[in-house]
Amino acid sequence: MAVRAVRGAVQLERDEAGHMDEQVGALLTAVLERNGLTADDLISIWFTATPDLHSDFPAAAARKLGIVDVPLICAQELDIAGAMPRVVRILAHIESDRPRADISHVYLGAAGALRKDIAQ
């Protein structure tokens, strides 16, 4: 079993904890489903949020999905002029037999514009 990394992002419509839970939960669910993963395949997840998001920790959404024994960490994204606002990004480390080229990176909604080269 190899260690792989999966990227993803979602843009929130508003900075509200419930909305963040919903959107980050949808992102994590899509990453798991599109890559044929379960929570047991997760090694760790890094979350970043743009500086305009203050309502909650993105990792809280993972805990609400039942991802409770996986190390999670949140950090603030760089504050770059002109960057897309209200974005949560993830970098999940996983165990998978899939070749690196077959990993599906997930960019939901408007966040697809962030990485057109790898967005599914």
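My aim in this report is to walk through the structure given alongside it, one point at a time. (Residues numbered from 1 in each chain as written. Predicted model: local features only at pLDDT ≥ 70, side-chain atom pairs only at ≥ 80, totals over all residues. Heavy atoms only, no water.)

## Section: the environment of Ala39
Spelled out, the test is: Helix and strand assignments come from DSSP, with helices taken as H or I runs of at least 4 residues and strands as E runs of at least 2, each series counted from the N terminus. By definition in these notes, contact holds between two residues if any of their heavy atoms fall within 4.5 Å.
With respect to the helices and strands, the residue Ala39 is situated in the loop between helix 1 (17-34) and strand 2 (42-49). On a C-alpha basis, the gap between Ala39 and Ile67 in space is 6.2 Å, while along the polypeptide they are 28 residues apart. Sequence-distant contacts of Ala39, that is, excluding residues within four places in its chain, are made with Ile67 and Val70.

## Notes on helix 1
Threshold: By this rule, a helix spans an expected 1.5 Å times one less than how many residues it contains. Relative accessibility thresholds used throughout: buried, under 20% of the residue-type maximum; exposed, over 50%; partly exposed, between the two (1.4 Å probe, protein chains only).
For helix 1, spanning 18 residues, the distance from its first C-alpha to its last is 25 Å, which sits close to the expected 26 Å at 1.5 Å a residue. Where helix 1 is concerned, the buried positions are His19, Met20, Asp21, Gln23, Val24, Gly25, Leu27, Leu28, Ala30, Val31 and Leu32. Here the buried face of helix 1 lies against strand 1 (2-11), strand 2, helix 2 (59-64), strand 4 (87-96) and strand 5 (106-108). Just beyond helix 1, the residue with positive phi is Gly36, at close to 60°.

## Quick notes on the pattern of salt bridges
For the record, the criterion: For this analysis, a salt bridge means a side-chain nitrogen from Lys or Arg found within 4 Å of a carboxyl oxygen belonging to Asp or Glu.
Taken as a whole, this structure holds 4 salt bridges when the rule is applied. The salt bridge involving Glu13 is made with Arg14; its shortest N-O contact spans 3.6 Å. The class of Glu13 is exposed, set by a relative accessible area of 62%. We classify Arg14 as partly exposed; its relative accessible area is 37%. Of the charged contacts, one joins Glu77 and Arg89 as a salt bridge, the two residues approaching to 3.7 Å between their closest N and O atoms. Here Arg89 lies in strand 4 and Glu77 lies in the loop between strand 3 (72-76) and strand 4, a separation of 12 residues in the sequence.

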